[in-house]
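So the chains spell out like this:
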Amino acid sequence: MKKVIIVGAGAAGMMAAISAAWNGADVTVIERNKITGKKLLITGKGRCNVTNNCDVNELVRNVPEGGRFLYSAFSRFSSEDTMAFFEQMGVELKTERGNRVFPVSDRSADIVNALRKGMQDAGVKLVTARVKSLAVSDGEVKGVILEDGEQIYGDAVIIATGGMSYQATGSTGDGYELARSVGHSISEPKPSLIPLETRGKTARDLCGLSLRNIAIAVFDKEKNEKIYTDFGELLFTHFGLSGPVILSASAHMRDFEPDRYEVSIDLKPALDEATLDARVLRDFSAVQNRDFINSLGELLPKRMITAVAKASGIPFETKVHDITRAQRQQLCAVLKDFRLTVSAMRPIDEAIVTSGGVTLNEIDPKTMSSKLATGLYFAGEVINADAYTGGFNLQIAFATGHAAGEAAAQ
């Protein structure tokens, strides 16, 4: 019976443990936190977007970094397999907008508990400790050495420590150092799926305002092109922008530089320009004698009025009946294209996932085994593969965990 050691008990690590145990291995999981699945518990705002209910090609299309590399792992453990696994474990699932899959209970704890039970039922041993280094002999990984000096030996080691996002959950980059110690190169860890900082005072003045059913577009000024569009919810913060559409947008800002990207917010996506102009005319006709600043209450949330009025360039005290056609068109333009310049991404420990990690050409895509050190495998966010929002990142964790666990047990 092969002895498999897994470093990290997150989504990838727990799936790897179950996969290895189901394939006949004696499995030990080493987790630095006192509880397993700590980061998994807070994903999807505590609801846990388990996977995306789509085919393998669609999975690959939603992984901008490493999609082709993951084709084999996705083919052998697809979204359908992930859903079947959790339903086999007694978790009822549902598919929502964008093919996002959640537990019917809307409780991430149900997903974590299913993985914990899966490990327990399979006889997986759990050790609470921090791994300091790998035990290596003649280029072959023989086990791990803990911080207290204890050595745990095995036939295979799977590194599933996560990246550097949400560091309070234990993802502090330990896996990168373990990989480097046997010669692996690391693509620079960068934040992905992260809130954005913006220039000026606009966002700060609107801090706390949530806009629903808006559309956004992201423009790359260096390439002079639109690189992303989305529809949904946005939140203004003291530093800039957050919310689901912003987190998704950040994943497309691959070559980040301050002020390179602009976010355009369409405050009235359901109305084309002609229809919006007619709507504004109708609103203005009812308040002909008011000052412009007091005429937008039917069109915008109260806290948004000043920012839009200022961006339109129309003096606040202008009487509505004196507003020209050109001024009205400028107002409509702002309503359809309210722009903010992105000055920075938030720190990496605020990111949902880390972009970067163990270089993919040093890993076998079928087995997740190291090409540099015999007996070493990788799973999850520690490798240089990350995806857009919608359950794709957890699918990476489950698929690579399954592949690594199965291969390590052979």
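The structure we're discussing is the one just above.
These numbers come from a predicted model, not from an experiment. All chains use their own residue numbering, which begins from 1 and follows the written sequence. With the structure being a predicted model, the display of local features is reserved for residues of pLDDT at least 70 and the display and counting of side-chain atom pairs for 80 or more, all residues being used for whole-chain, interface and lining totals. As a rule here, side-chain values come from all non-hydrogen atoms in the structure, and water together with hydrogens is ignored.

A. Molecular detail of the sheet that holds strand S6 (residues 125-128). The five strands are arranged S6-S2-S1-S10-S19 in an open sheet whose pairing can be described as parallel. Only two strands of the sheet have a single neighbouring strand rather than two, namely S6 and strand S19 (376-378). Averaged over all neighbouring strand pairs, the angle between strand axes comes to 20 degrees, with direction disregarded. Here, any two strands with at least 2 DSSP bridges between them count as paired. The numbering of helices and of strands both runs from the N terminus, where a helix is a DSSP run of H or I of at least 4 residues and a strand a run of E of at least 2. Where strand S2 (residues 26-31) meets S6, four bridges bridge the pair, whose relative direction is parallel. Its bridge partner being in S6, Ile30 is matched across the sheet by Val127. Any two residues whose heavy atoms approach within 4.5 Å are treated as being in contact. Working convention: axes come from line fits to C-alpha atoms, limited for helices to the stretch in contact. Angles between N-to-C directions cover 0 to 180 degrees. Across the sheet, helix H12 (residues 392-409) is in contact with strand S1 (3-7), strand S10 (156-159) and S19; its angle to S19 comes to roughly 165 degrees.

B. Broad picture of the environment of Asn224. Looking at the secondary structure, you find Asn224 in the loop between strand S13 (210-220) and strand S14 (225-236). Residues Asn224 and Tyr261 lie 37 residues apart in sequence; the distance between their C-alpha atoms is 9.8 Å.

C. Representation of the nonpolar core within the structure. Put simply, buried Ala, Val, Leu, Ile, Met, Phe, Trp, Tyr and Cys residues joined by side-chain atoms within 4.5 Å make one nonpolar core. To sort residues, take the accessible area from a 1.4 Å probe on protein chains only and compare it with the maximum for the residue type: under 20% means buried, over 50% means exposed, and anything in between is partly exposed. Core analysis: the biggest nonpolar cluster contains 84 residues, and Val27, Phe86, Leu115 and Val144 have the highest contact counts within it. No other element matches H12, which puts eleven residues into this core. Setting aside chain neighbours within four positions, we find Val27 in contact with Val4, Ile6, Ala17, Ala20, Ala21, Gly123, Val124 and Lys125. With 46 residues, the next largest nonpolar core counts Leu196, Leu211, Met253 and Ala309 among its residues.

D. Local environment of the packing of aromatic side chains. Here the aromatic set is Phe, Tyr and Trp, taking the six-membered ring for Trp, and pairing holds for ring centres within 6.5 Å; pairs whose planes are under 30 degrees apart are stacked, those over 60 apart are edge-to-face, and all others are tilted. Summed over all chains, the structure comprises four aromatic pairs. Note on Phe256 and Tyr261: the rings are 6.1 Å apart at their centroids and 20 degrees apart in plane angle, and the pair reads as stacked. Residue classification places Phe256 among the partly exposed residues on the basis of a relative accessible area of 26%. For Tyr261, a relative accessible area of 2% translates into the label buried. An aromatic cluster of three or more residues is present, and its members are Trp22, Phe85, Phe86 and Phe398. The rule for a charge over a ring is simple: NZ of Lys or CZ of Arg within 6 Å of the ring centre, and within 35 degrees of the ring normal. The ring of Phe219 carries Arg339 above its face, with NZ or CZ at 4.1 Å from the centroid. Sitting over the face of the ring of Phe239, Arg346 holds its NZ or CZ atom 4.0 Å from the ring centroid.

E. Molecular detail of unusual backbone geometry. Within the chain, Asp106 stands out as a residue other than glycine whose phi angle is a positive 60 degrees. Examined against the element boundaries, Asp106 turns out to sit in the loop between strand S5 (100-103) and helix H5 (108-121). Positive phi outside glycine occurs at Asn213, with the angle close to 55 degrees. Note on placement: Asn213 falls in strand S13. A relative accessible area of 52% means that Asn213 is categorised as exposed.

F. Spotlight on helix H9 (residues 273-285). Given the number of residues in a helix, its expected span is that number minus one, multiplied by 1.5 Å. The terminal C-alpha atoms of H9 lie 18 Å apart, and with 13 residues this matches the ideal 18 Å at 1.5 Å per residue to within 8%. For H9, the set of buried residues is Leu276, Asp277, Arg279, Val280, Asp283 and Phe284. Here the buried residues of H9 occupy an arc of 160 degrees about the axis, which is enough to place them on one side. Exposed residues pointing more than 90 degrees away from the buried face of H9 are listed as Ala274 and Arg282. Buried residues along H9 sit against helix H11 (325-336). Arc, as used here, means the arc of the directions from the helix axis to the C-beta atoms.

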